[in-house]
Amino acid sequence: SGPTVPSAIVVAITNKSRRIHVATLVDIPSSDERTVMVVPMDVRIPKIRVQFKNWRDYQNQRLLIEIDNWETNSSYPNGHCKKILGPVGDLETEIVCLLLEHEIQFTPFSIAATASLPPEGHLWRVPEEEIKMRRDLRTTRIFSVDPIGCQDIDDTMHIKTLSNGDIEVGVHIADVTYFVRHNSELDKEAQSRATTFYLVDRRFDMLPTLLSSDLCSLHSNTDRLAVSVIWTMSPDFEKTKSTWFGRTVIHNCQAMTYEQAHNILHDMPPDSPNKAQPPPLTAGHVVNKGSISAIKEDLSMLTILARKLRKRREDLGGAVDLSSGALGNELKFTLDANGNPTQVAAKKDLEIHHTIAELMILANRSVAEKNYERFPKSSLLRAHRNVEQNKFDDLENSLKAAGITFDGTSNLSLAQTLKNAREKDKGNTTVNALWQSLATRAMSEALYLCTGQSKNEIDLSHYGLGINKYTHFTSPIRRYADVVVHKQLLASLQNYNINPGTIPPSGFVSKLALPAIPMSNAISIMKGEGLKANDYDQELPKSKSLPFSSESVPELYKEKEDRTTLTVAAPTNIIPCNGLEVSQICDNLNIQNRRAKHSSMACQKLFLSLFFKNNVKIAKAVVTGLRVNGLIVFIPKFDMTGPVYVRDINGDVQIDPAVVGLSSTSG
C-alpha cells in the first residue's frame, strides 16, 4: 500500500545552507573516546560528530564547527572544530556567537570610504555658500524627541500658526546625501551594510561615527543640514493646502527625550532637580526653562494633529493597532559596570511615542507619493502584504475561548476585532497583550521593493498602516533605504531623468578624495534600543483591486499639484538610482534588515537569560496550552512563551502548594 501521509523526493538543491555553526559539547563522554557529539545553537541542525584529541579541553566552551560531510546512512553529519570562541555564559563570547549565527560580519570602514569625510572632523560647520542655496529655517522653533541616550538624531519637527490662521507643520530629516556622495566608496560601504545593527549594549553603525553621531545627527543648539517636508494645513487640520519639499538648514532648539516631552505635555517638570547631564552629543539634556511654555504649545498642537491622522488611518485605511501599552514587547535593560543586566522592564508606551510616529508616517507617505508620481517604475517603496487567513488560527482560537468573534478578512475587519477584544477586557491587560502578540506574529513582514518589479498596485500598499504608498524617508542615518529615497526625492525636484543609461547632469564635478581620517575605536551605545526590521523572502499577493479606495482618503493626505518646491542645491549629491539599481539594492536591504531584526531579538533573549541566571521574578502569565506534565504560558512583561512543568522528569510534583489550597509547609 502507498504512504499514509504526503510524500516527496528531493529533485534538486537550489540553495546550500552554511557549513559553519556555533556548537557546544553537552553530552559528556563516558570514557576517553575521541569522537564526540556537539550540539549546534541553531535548533534546526542535528548534533555534529567531531573528533577531539582530548574532549575535556573543549568542555563548557562555545565552539566554531565546520561540517565536512554527511554520510547518507547516518543521522548526523561529520565536522571539525575550527576555533574555540570562549566560555559558555561569558557575555562577549555569547555576543560573538550571536553575530556568527546570524552571519553578521563587521569590519572597520575602509581608508577609501573615510577619505571622503570632512577633513575638519568634529569641527566642521555648515558652509555659508551652502546656506545660501537652501531654505534657512534656523529662526523657526524646531525640536526633536527621541529615546534616552539617542546619538543618531535623524528627525526634527516644528509647528506654527501662520498670520492667516493656517497651520504650518514641518518634518526635517538629516541630509545624509550631502556627506555621502552617490557611488562614492562610502556610499558603497553604507549600501552593503544597509542598516545600523542595534543590540542591547552596543550598536554597529551603517555610517562612520563622525557622521552618525555628530555631523549628520540633528543635535540641539547646532546648525545642521536637512531635507524637509512642510505642509500648510487648515486650522482644524482637515485639509492640506500645500506641501513643500526641499533642502534646508535648521537649528534644533531642544533635543528632548520622550519622557521630557511627556512631562512637558502634562505640566510636570521635564527634568528632576538632581538629574545628571547625559553625555555630549546625546538626546536628553536639561530643557531650557524659558522654552517650556512654547514647546508645550507646539507639542499640544502636534498631539491633536496626530490623533486625527491616526484615527483616519484606522477608520478609512484599516490600520491595525498592535501597540501593547505598558506590556509592550520591547525591553529595556539596566547594566552594571561589566555590562551584565541587573534590571529589566518593558518600555513605556506613551502618547508622545504615537504622536512622533504619526508625523513620521505622514512624511514617509508624502515622499512616497511624490517619488512614485515622478518615477513610477523605479521608486523605492515599503510594502506590506495581506495576511493569509490560516496565519490567524492561534489568534482566532484564543479569541473564541474568550467569546469574541474573529474576522480577519481585511485589515479593517482585523483592526475592529482587536478593538472589540480590548473593549471587552479593558481591565485584563495581560490577556490583551497575548492577543496583540498573536496578531503581530501572524503578520507577514514588510519589505522594500522597486515599483518597476510590480504589475499590480496592490503589491505596493502597506497592509498594517492602511496606506496605498509608503516608503522610508525619515531615518537615513541608520537605514540605507532612506538614503536612496532622499536621492530620488531630490532628483524629482531637480526634474532629473532616471534610466539605465543616465549620465551625470551638466555641471557635475566629482568630489576629490580627502585625506583619510583615523577610525574611532569608541563603541557607540544605545542601551536597549531595538531595531525593528523585516523579512526579505516574502512575495506580495497578486490582486486586481486596491484594498484602500483613493476616494476615501481625506484631503489631509492628498497632494496638491500646485505645491511649491525648492530647487535642490548641489547636483553632485542627487544622482538617483535607476530601476535595476533600486531592485538590487532592495534585495540586500531585505536580507540585512532581516538579520538585524533576528540578531536584535536573539540579543534580547540572551540578556534575559543572563538576567534570570541571577534573579528571580514573579510575573503574570496567560495559559496558552496544556500538556500532560504541565502548561504552556505567555508572559507579556518579558514577551516570553515557555513551559511550566507540574511534574518534573522524575514524576515529582513541582507546584506551589498554595495554588491547590495547601499550606506552604505541605510536601
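Further up the page is the structure itself.
Residues numbered from 1 in each chain as written. Predicted model: local features only at pLDDT ≥ 70, side-chain atom pairs only at ≥ 80, totals over all residues. Heavy atoms only, no water.

Asker: Looking at this structure, I do not really get the packing of aromatic side chains. What am I missing?
Answerer: What characterises a pair of aromatic rings is the spacing of the ring centres plus the angle enclosed by the ring planes. Throughout the structure, instances matching the rule amount to 10 aromatic pairs. Ring centres of Trp124 and Tyr178 lie 6.2 Å apart, and the angle between their planes is 50°; on these two criteria the pair is classed as tilted. Within this pair, whereas Trp124 is found in the loop between helix H2 (111-114) and helix H3 (128-132), its partner Tyr178 is found in the loop between strand E9 (167-174) and helix H4 (185-193), the two being separated by 54 residues in sequence. Like Tyr178, Trp124 is buried. Consider the rings of Phe392 and Phe406, whose centres lie 5.4 Å apart with planes at 55°: the pair is tilted. (Phe/Tyr/Trp six-rings, centres within 6.5 Å; stacked < 30°, edge-to-face > 60°. Helix = DSSP H or I, 4+ residues; strand = E, 2+ residues; numbered from the N terminus. Buried < 20%, exposed > 50% of the residue type's maximum accessible area, 1.4 Å probe, protein only.)

Asker: I keep staring at helix H1 (residues 91-101) and nothing clicks. Help me out?
Answerer: For an α-helix the count is 3.6 residues per turn, leaving residues at separations of three or four pointing the same way. Buried residues dominate H1, accounting for eight of its 11 residues. Of the surrounding secondary structure, the elements contacted by the buried residues of H1 are strand E1 (20-24), strand E4 (61-69), strand E5 (78-87), strand E11 (203-204) and helix H13 (579-614). Once H1 ends, the next one or two residues include Glu103, with phi positive near 55°. (Contact = heavy atoms within 4.5 Å.)

Asker: What is the right way to look at the sheet that holds strand E18 (residues 622-627) in this model?
Answerer: The strands making up a sheet are joined through hydrogen bonds of the backbone, oriented either antiparallel or parallel. Across the sheet, which stays open at both edges, the three strands sit in the order E18-E19-E20 with antiparallel pairing between neighbours. Unpaired on one side and paired on the other, E18 and strand E20 (640-645) mark the two borders of the sheet. Sheet twist, expressed as the mean angle between neighbouring strand axes with direction ignored, is 25°. (Pairing = 2+ DSSP bridges. Axes fitted to C-alpha atoms, helices over the stretch in contact; angles between N-to-C directions.)

Asker: Looking at this model, I keep getting lost on a nonpolar patch on the surface. Mind explaining?
Answerer: A contiguous nonpolar patch, built from Val646, Val653, Ile655, Val659, Val660 and Leu662 and spanning about 500 Å² of accessible area, is present on the exposed surface. By secondary structure assignment, the location of Val653 is in the segment after E20. Classification of Val653 as partly exposed rests on a relative accessible area of 48%. (Patch = residues over 30% accessible without salt bridge, like charges linked within 9 Å, V, L, I, M, F, W, Y side chains within 5 Å. Areas by Shrake-Rupley, 256 points an atom, 1.4 Å probe, with all protein chains shown as cover. Salt bridge = Lys/Arg side-chain N within 4 Å of Asp/Glu carboxyl O.)

Asker: Quick question: what am I supposed to make of the sheet that holds strand E3 (residues 48-51) here?
Answerer: Judged by pairing direction, the barrel is mixed, and its five strands sit side by side in the order E1-E2-E3-E5-E4 before closing back on the first. In this sheet, adjacent strand axes meet at a mean angle of 55° when their direction is disregarded. Across two bridges, the pairing between E1 and strand E2 (residues 35-40) is antiparallel. By the bridge assignment, Thr24 is partnered in E2 with Val39. Of the strands in this sheet, E1, E4 and E5 touch H1, which is tilted by about 140° from E5.

Asker: Looking at this structure, I do not really get the environment of Asn588. What am I missing?
Answerer: Here Asn588 shows up in helix H13. Asn588 sits 140 residues away from Tyr448 along the chain, and the two C-alpha atoms are 9.6 Å apart. Contacts of Asn588, omitting those with residues within four sequence positions, involve Gln191, Ser192 and Ala194.

Asker: Mind showing me how you'd approach the pattern of salt bridges here?
Answerer: Side-chain pairs of opposite charge can arise whenever the charged atoms involved come near each other. In total, this model carries 30 salt bridges according to the counting rule given. Between Glu168 and Lys160 there is a salt bridge whose closest N-O contact spans 3.8 Å. In this structure Glu168 comes out as buried when scored by relative accessible area, which is 9%. One network of salt bridges, with partners in common, ties together Glu130, Arg134, Asp175 and Arg247.

Asker: Would you explain the nonpolar core in this entry?
Answerer: The tendency in soluble globular proteins is for nonpolar side chains to be buried as a group. Judged by nonpolar contacts, the single largest core of 85 residues is most densely connected at Val169, Leu211, Leu299, Ile352, Leu380 and Phe473. Tallying contributions element by element places helix H12 (residues 480-494) first for this core, with eight residues. Excluding residues within four positions of it along the chain, Phe473 makes contact with Ile173, Val227, Val229, Ala363, Asn364, Val367, Asp482, Val485, His486 and Leu489. Core analysis: the next-biggest nonpolar cluster, separate from the first, contains 21 residues, Val387, Leu414, Leu418 and Ala421 among them. (Core = buried A, V, L, I, M, F, W, Y, C linked by side-chain atoms within 4.5 Å.)

Asker: Honestly, the side chain of Arg247 in this entry has me stumped. Any pointers?
Answerer: Within the element layout of this structure, Arg247 appears in strand E13 (residues 240-257). Judged by its relative accessible area of 0%, Arg247 is buried. Within the structure, Arg247 has its side chain in polar contact with the side chain of Thr177 (distance 3.2 Å). (Polar contact = N/O pair within 3.5 Å; in protein donor to acceptor, adjacent residues only side chain to side chain.)

Asker: How should the packing of helix H8 (residues 351-374) against H12 be read in this particular structure?
Answerer: The relative placement of two packed helices is expressed as an angle between their axes plus a distance between the axes. Close contact between H8 and H12 brings their axes to 9 Å; oriented N to C, the two are set at 60°. In terms of their interaxial angle, H8 and H12 are classed as oblique. Every pair of crossing elements has a handedness; the one defined by H8 and H12 is left-handed. Touching Val367, Lys370, Asn371 and Arg374 of H8 are Val485, Gln488, Leu489, Ser492 and Leu493, all from H12. Of the residues in the contact of H8 with H12, the class split is four nonpolar, three polar and two charged. (Parallel < 35°, antiparallel > 145°, perpendicular 65-115°, else oblique. Left-handed = near helix turned anticlockwise from the far one by under 90°. Nonpolar A, V, L, I, M, F, W, Y, C, P; charged D, E, K, R; others polar.)

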